[in-house]
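Residue-level structure breakdown
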Amino acid sequence: VMATGAPDSQARFGQSVKGLLTEKVNTCGTDVIALTKQVLKGSRSSELLGQAARNMVLQEDAILHSEDSLRKMAIITTHLQYQQEAIQKNVEQSSDLQDQLNHLLK
């Protein structure tokens with residue numbers, strides 16, 4: 001009985017060790033998959049950050065260009081106001097001259 005008990009016990013021990021090893025291998029595999037997913041997600045994140053940085057640079061350029069255009073339009077507006085004032089004065093002067101001419105011709 002003793003002789004048959006020892007191999008039986010060893011077989012159970014072997015099966016137990018085999019079960020534990022299988023469980024550990026499965027856990028390890030699951031961990032590797034999780035780690036791989038995390039690494040891929042991290043590389044995708046850096047890719048997205050790079051794209052966001054490029055977009056920000058483009059937006060910054062567009063904003064600077066818009067500011068420059070607004071500055072130029074403000075200058076043009078000021079010049080147009082001066083021209084409009086000059087035209088207004090000329091119209092008033094020509095109206096005065098017209099009145100003087102009419103007065104002289106009477």
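Look up a bit, the structure's there.
Worth saying up front: this structure is predicted, and the values here are computed from it rather than measured.

**A word on the pattern of salt bridges**
- A complete count under the given rule lists four salt bridges for this structure.
- E47 is the partner of R44 in a salt bridge, and the nearest nitrogen-oxygen pair spans 2.7 Å. Of this pair, R44 and E47 both sit in helix α1 (residues 2-105), three residues apart, which is roughly one turn of the helix.
- By relative accessible area, which is 43% here, R44 ends up partly exposed.
- The exposure class of E47 is partly exposed, given its relative accessible area of 48%.
- One salt bridge connects D68 with R71, and the closest N-O pair in it is separated by 3.6 Å. With D68 and R71 both in helix α1 and three residues apart, this pair spans about one turn of that helix.
- One network of salt bridges, with partners in common, ties together D68, R71 and K72.

Thresholds applied
Residues numbered from 1 in each chain as written. Predicted model: local features only at pLDDT ≥ 70, side-chain atom pairs only at ≥ 80, totals over all residues. Heavy atoms only, no water. Salt bridge = Lys/Arg side-chain N within 4 Å of Asp/Glu carboxyl O. Helix = DSSP H or I, 4+ residues; strand = E, 2+ residues; numbered from the N terminus. Buried < 20%, exposed > 50% of the residue type's maximum accessible area, 1.4 Å probe, protein only.

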